[in-house]
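Secondary and tertiary structure notes
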Amino acid sequence: QVQLVESGGGLVQSGGSLRLSCLASGFTFSLYFMRWYRQVPGKERELVAGIISAGGRTNYADSVKGRFTISRDNAKNAVYLQMNSLKPEDTAVYFCNAEFGMLKYWGQGTQVTVSS
């Protein structure tokens, strides 16, 4: 059974930091491109960051460049999102996504709320 389980969300003040984790099971994690998305009510899901299967190469939305860092540990079947200098506009539900060819999986999301 494929599972992506996010954790690490919560309430933080503006300027603070959070580290999101996504633990994967039920598929060959090391083959998959991993991404973090976020979504606020009434808006489309937005790509935040991505990392290739072997790690190393990453990409980020302009809105988070220099503040967020995506990483992965293939030995632990985990992907992380370190979020620093958080802003109120970062408030959203954050989703973990795994993609390999036509195969795509999603987690259930974790809420991040940044207070001003």
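Everything here concerns the structure above.
The structure reproduced in this document is the subject of the present report. (Residues numbered from 1 in each chain as written. Predicted model: local features only at pLDDT ≥ 70, side-chain atom pairs only at ≥ 80, totals over all residues. Heavy atoms only, no water.)

A short note on the nonpolar core
The nonpolar side chains of soluble globular proteins are, as a tendency, buried together. Just so we agree on the cut-off: In plain words, nonpolar cores are sets of buried Ala, Val, Leu, Ile, Met, Phe, Trp, Tyr and Cys residues tied together by side-chain atoms within 4.5 Å. A 1.4 Å probe rolled over the protein chains alone gives each residue an accessible area, and that area as a share of the maximum for its type sets the label: buried under 20%, exposed over 50%, partly exposed in between. Helix and strand definitions here come from DSSP, where helices need a minimum of 4 consecutive H or I residues and strands a minimum of 2 consecutive E residues; each element is numbered from the N-terminal end.
One finds M34, W36, V79, L81, M83 and Y94 to be the most contacted residues of the largest nonpolar core, which totals 28 residues. Counting residues per element, the ones that place at least two in this core are β3 (18-25), β4 (33-39), β5 (46-51), β7 (68-73), β8 (78-83), β9 (92-100) and β11 (110-115).

Concerning a nonpolar patch on the surface
Note the following rule: To count toward a patch, a residue needs a relative accessible area above 30% and no salt bridge. Like charges then connect within 9 Å, nonpolar side chains (Val, Leu, Ile, Met, Phe, Trp, Tyr) within 5 Å. To be clear on the numbers: accessible area is Shrake-Rupley with a 1.4 Å probe, and residue cover counts the displayed protein chains and nothing else. What counts as a salt bridge is simple: a side-chain nitrogen of Lys or Arg found within 4 Å of a carboxyl oxygen of Asp or Glu.
On the surface, L31, F100 and L103 cluster together into a nonpolar patch covering about 260 Å² of accessible area. One can find L103 in strand β10 (residues 103-106). By relative accessible area, which is 38% here, L103 ends up partly exposed.

Digging into the pattern of salt bridges
Taken as a whole and assessed by the stated rule, the structure comprises 6 salt bridges. Where R67 meets D90, a salt bridge forms, and the shortest distance between an N and an O atom there is 2.7 Å. Residue R67 is found in the loop between β6 (58-60) and β7, and its partner D90 is found in the loop between β8 and β9; the two are separated by 23 residues along the sequence. For D90, a relative accessible area of 0% puts it in the buried group.

Concerning the pairing of β8
Counted only if it meets this: Two strands are said to pair when DSSP picks up at least two bridges between them.
The buried fraction of β8 is high, at 5 of 6 residues. Relative to β8, β7 runs antiparallel, the two being bridged by 6 bridges. Looking at the pairing, F68 lines up with M83 of β8. Between the antiparallel neighbours β7 and β8 lie 4 residues, among them N77 with a positive phi of about 55°.

Notes on the packing of aromatic side chains
The line we're drawing: Between rings of Phe, Tyr and Trp, where Trp is taken as its six-membered ring, a pair exists when centres lie within 6.5 Å; planes separated by under 30 degrees are stacked, by over 60 edge-to-face, and by other angles tilted. Charge-over-ring contacts are defined here by two conditions on Lys NZ or Arg CZ: a distance within 6 Å of the ring centre and an angle within 35 degrees of the ring normal.
As enumerated under the stated definition, the model contains 6 aromatic pairs in all. Their ring planes at 50° and their centres at 6.5 Å tell us that F27 and F29 sit as a pair that is tilted. Taken together, a centroid distance of 5.4 Å and an interplanar angle of 45° make the contact between Y32 and F100 tilted. Pair noted here: Y32 is in the loop between β3 and β4 and F100 is in strand β9, with a separation of 68 residues, a long-range link. Lying across the ring of Y80, R19 places its NZ or CZ 4.0 Å from the centre.

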